[in-house]
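Summary of the model geometry
Below are the chains, spelled out letter by letter.
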Amino acid sequence: MDNRYGTTADMIIQEIDNGGMTQLIAIDRKGLYLTTPDRVDRMVADVNRYGVAREDINRQLEDLGLNPHQLFNAHKHLIKTESGKPQGKTLNPIKASKRRV
């Protein structure tokens, strides 16, 4: 089952220690974000994914000595496309059925 709003294990890039708290760097189509291990592979929305500005996350990663742009570019192959949405221009099937060949 697809989980569009939660965090899955295949989205995790690496584990970091952020001030004594274990956090995970994860990636989606909007960029990098930090989450906690208890939010991974649950069928609920991850508030860490949608509740924080990504610019703040990038600053946090830079403060930890990481380069967010390099991390994103190195791991962008992990980003999944949204299922059920075609890539490119969509075609209205009603109008297509009325076209003359």
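So, here's what we can say about the structure. Quick caveat, the model's predicted, so the values are computed rather than measured.

Now for the overall build of the chain. The number of helices and strands found in the chain is four helices and three strands. Helices and strands in the chain line up, N terminus first, as β-β-β-α-α-α-α. A total of about 7300 Å² of accessible surface is found on the chain, and carbon and sulfur atoms cover 50% of it.

Further remarks concern the side chain of Arg 54. Here Arg 54 is to be found in helix H2 (residues 54–63). We classify Arg 54 as buried; its relative accessible area is 12%. Those residues within four positions of Arg 54 in sequence are excluded, and the remaining contacts are Asp 28, Lys 30, Gly 31, Leu 32, Tyr 33 and Arg 49.

A few words on H2. If you check which residues of H2 are buried, you get Arg 54, Ile 57 and Leu 61. The arc that holds the buried residues of H2, viewed along the axis, is 50°, so those residues lie on one side. Seen from the open side of H2, the exposed residues pointing more than 90 degrees away from its buried face are Glu 55 and Asp 63. Contacts from the buried residues of H2 go to strand E2 (21–28), strand E3 (31–35), helix H1 (47–50) and helix H3 (68–75). Of the residues trailing H2, Gly 65 is marked for its positive phi of about 90°.

Side chains of a nonpolar character, in soluble globular proteins, are inclined to be buried together. Ranked by size, the top nonpolar core spans nine residues in total: Ile 13, Ile 16, Ile 25, Ile 27, Leu 32, Leu 34, Ile 57, Leu 61 and Leu 71. In this structure Leu 71 touches Ile 13, Gln 14, Ile 25, Leu 32 and Leu 66, once residues within four positions along its chain are discounted.

Note that Ile 16 resides in strand E1 (residues 12–18). Of the residues examined, Ile 16 reaches a relative accessible area of 11% and is grouped as buried. For the pair Ile 16 and Leu 61, spaced 45 residues apart in sequence, the C-alpha to C-alpha distance is 9.9 Å. For Ile 16, the contacting residues outside a window of four places in its chain are Met 21, Thr 22, Gln 23, Ile 25, Leu 34, Leu 64 and Leu 66.

Procedures and definitions
- Numbers given to residues run from 1 along each chain, matching the order in which its sequence is written.
- Per-residue local features are limited, in this predicted model, to residues with pLDDT of at least 70; the limit for side-chain atom pairs, both in listing and counting, is 80 or more; totals at the level of whole chains, interfaces and linings are taken over all residues.
- The side-chain quantities take in all heavy atoms of the structure and omit both hydrogens and water.
- Comment: elements are numbered from the N terminus, with helices defined as DSSP H or I runs of at least four residues and strands as E runs of at least two.
- Accessible areas in this description were obtained via Shrake-Rupley with a 1.4 Å probe; residue shielding takes into account the shown protein chains only.
- Buried means the residue's accessible area, taken with a 1.4 Å probe over protein chains only, is under 20% of the maximum for its type, while exposed means over 50%, and partly exposed covers the values in between.
- The criterion used for residue contact is that any of the two residues' heavy atoms lie within 4.5 Å.
- Summarising the geometry, the arc corresponds to the directions from the helix axis toward the C-beta atoms.
- We call a set of buried residues a nonpolar core when its members are Ala, Val, Leu, Ile, Met, Phe, Trp, Tyr or Cys and they connect through side-chain atoms within 4.5 Å of each other.

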